[in-house]
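Summary of structural features
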Amino acid sequence: DTAVSQTPKYLVTQMGNDKSIKCEQNLGHDTMYWYKQDSKKFLKIMFSYNNKELIINETVPNRFSPKSPDKAHLNLHINSLELGDSAVYFCASSQQPGMGEQYFGPGTRLTVT
Amino acid sequence: QKEVEQDPGPLSVPEGAIVSLNCTYSNSAFQYFMWYRQYSRKGPELLMYTYSSGNKEDGRFTAQVDKSSKYISLFIRDSQPSDSATYLCAMSGGTGGFKTIFGAGTRLFVKA
């Protein structure tokens, strides 16, 4: 049974389109995260929610909007996609924020053409 | 200066070698120290988790934290080709707030 799942796994779209990525965790964790991993494998935090409340909101273009309908789900909506948005987006979860142990999903590989 | 520095490699070793991976950091407030392993086209997987200073051993893996030097290490004994992956150090806690800061990752190749 997958602990942290993401859909879709692959997303190929054109510049200017709007797309969403969904994440679900069945670990009973309170905290969920979105990370972006660029082509050099650098993993950078974008957002984090704890009990549906936004607690980390990094310097990310406001075209990116996260939403957490409940503790087990965290979605990422991206408006007006740009070429530079191409990356792998990872969802993760942890029991509490900032205490280290995070469990990652398989990633969504986004390609903007 | 980056908060966490990690040599990206690649590091190539023969099977059976002892591998040493390291990170240095600048924020003395960090309290939680992690190592993640990431296979190609997969998500990072938690390998080792240490709170504050000291050593932790799990099978062939040993994690060391030296807070006085702001230096953490991961040792892999009797390395196997299946250990070939990217290893990411990460740290969080203290005045770093809720964020976990990752190193750039070191690519490791273990040759059979």
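This text gives an overview of the structure that appears in the document. (Residues numbered from 1 in each chain as written. Chains lettered and ligands numbered in written order. Predicted model: local features only at pLDDT ≥ 70, side-chain atom pairs only at ≥ 80, totals over all residues. Heavy atoms only, no water.)

Looking at the sheet that holds strand 8 (residues 71-76) of chain B
All names here are of chain B. Ordered by their spatial adjacency, five strands build an open sheet running 1-3-8-7-6, and the pairing between neighbours is antiparallel. The sheet terminates laterally at strand 1 (4-5) and strand 6 (54-58), the two strands that pair on one side only. The pairing of strand 6 with strand 7 (residues 61-66) spans five bridges and is antiparallel. Across the sheet, Asp58 pairs through a bridge with Phe61, a residue of strand 7. (Pairing = 2+ DSSP bridges. Helix = DSSP H or I, 4+ residues; strand = E, 2+ residues; numbered from the N terminus.)

Overview of the state of the cysteines
Residues and elements named next belong to chain A. Summed over all chains, the structure comprises two disulfides over all chains. One disulfide bridge connects Cys23 with Cys91, the sulfur atoms lying 1.9 Å from each other. Here Cys23 and Cys91 share a disulfide; its torsion about the S-S bond, -75 degrees, makes the bridge left-handed. Residue Cys23 is found in strand 3 (residues 19-25), and its partner Cys91 is found in strand 9 (residues 87-94); the two are separated by 68 residues along the sequence. Here the two residues Cys23 and Cys91 agree in accessibility, since each one is buried. (Disulfide = S-S within 2.5 Å. Buried < 20%, exposed > 50% of the residue type's maximum accessible area, 1.4 Å probe, protein only.)

Describing the packing of aromatic side chains
According to the stated counting rule, one finds 12 aromatic pairs over all chains in the structure shown. Between the aromatic rings of B:Tyr32 and B:Tyr51, the centroid separation amounts to 5.1 Å while the plane-to-plane angle is 40 degrees, which identifies the pairing as tilted. Remark: B:Tyr51 occurs in strand 5 (residues 45-51) and B:Tyr32 occurs in strand 4 (residues 32-38); sequence separation between them is 19 residues. A network of ring pairs unites the aromatic residues A:Tyr33, A:Tyr35, A:Phe90, A:Phe104, B:Tyr36 and B:Phe102 as a single cluster. (Phe/Tyr/Trp six-rings, centres within 6.5 Å; stacked < 30°, edge-to-face > 60°.)

Points about the nonpolar core
Inside soluble globular proteins, nonpolar side chains tend to come together where they are buried. Within the largest apolar cluster, 25 residues are counted, with the highest numbers of intra-cluster contacts made by B:Trp35, B:Ile72, B:Leu74, B:Ile76, B:Tyr87 and B:Met91. Setting aside residues up to four positions removed in sequence, B:Ile72 forms contacts with B:Leu21, B:Asn22, B:Cys23, B:Tyr25, B:Phe33, B:Met34, B:Trp35, B:Gln64, B:Val65, B:Cys89 and B:Met91. Grouped together as the second largest cluster of nonpolar side chains are 19 residues, A:Ile21, A:Cys23, A:Leu81 and A:Ala87 included. (Core = buried A, V, L, I, M, F, W, Y, C linked by side-chain atoms within 4.5 Å. Contact = heavy atoms within 4.5 Å.)

Regarding the side chain of B:Gln38
Position of B:Gln38 relative to the elements: it lies in strand 4. Here A:Gln37 takes part through its side chain, which lies 3.0 Å from a polar atom of the side chain of B:Gln38. Once residues lying within four places of it in the same chain are set aside, the contact partners of B:Gln38 are A:Gln37, A:Phe90, B:Gly43, B:Pro44, B:Ala85, B:Thr86 and B:Leu88. (Polar contact = N/O pair within 3.5 Å; in protein donor to acceptor, adjacent residues only side chain to side chain.)

Re the sheet that holds strand 8 (residues 73-78) of chain A
All names here are of chain A. Strands sit in the order 1-3-8-7 across an open sheet of four strands; the sheet is antiparallel. Where the open sheet ends on each side, the last strands, each with one partner, are strand 1 (4-7) and strand 7 (64-70). Sheet twist, expressed as the mean angle between neighbouring strand axes with direction ignored, is 20 degrees. Note: strand 7 against strand 8, five bridges, orientation antiparallel. Counterpart to Asp70 in the pairing with strand 8 is His73. (Axes fitted to C-alpha atoms, helices over the stretch in contact; angles between N-to-C directions.)

Describing the pattern of salt bridges
Residue and element names in this part refer to chain A. If you walk through the whole model with that rule in mind, you get seven salt bridges over all chains. Put simply, Lys71 and Asp30 hold a salt bridge, and the shortest N to O gap is 2.8 Å. In this pair, Lys71 is assigned in the loop between strand 7 and strand 8 and Asp30 in the loop between strand 3 and strand 4 (31-37), connecting sequence segments 41 residues apart. Ionic pairing is found between Arg63 and Asp85, a salt bridge with its closest N-O pair at 2.8 Å. (Salt bridge = Lys/Arg side-chain N within 4 Å of Asp/Glu carboxyl O.)

A short note on the interface of chain B and chain A
At the junction of the two partners, chain B supplies 20 residues and chain A supplies 23 residues. Between chain B and chain A, roughly 1900 Å² of surface is buried when both sides are summed, and carbon and sulfur atoms account for 58% of that area. By the criterion of area lost to chain A, the three top residues of chain B are B:Arg41, B:Phe98 and B:Phe102, representing 32% of everything that side buries. Linking chain B to chain A there are one salt bridge. In this structure, the salt-bridge partner of A:Glu58 is B:Lys99, at a minimum N-O distance of 3.4 Å. Inspection of the chain B/chain A interface yields four residue pairs in polar contact (both at pLDDT 80 or more). Looking at which element gives the most residues to the side of chain B that touches chain A, the answer is strand 4 of chain B, with four residues. (Buried area = accessible area lost by both parts, 1.4 Å probe.)

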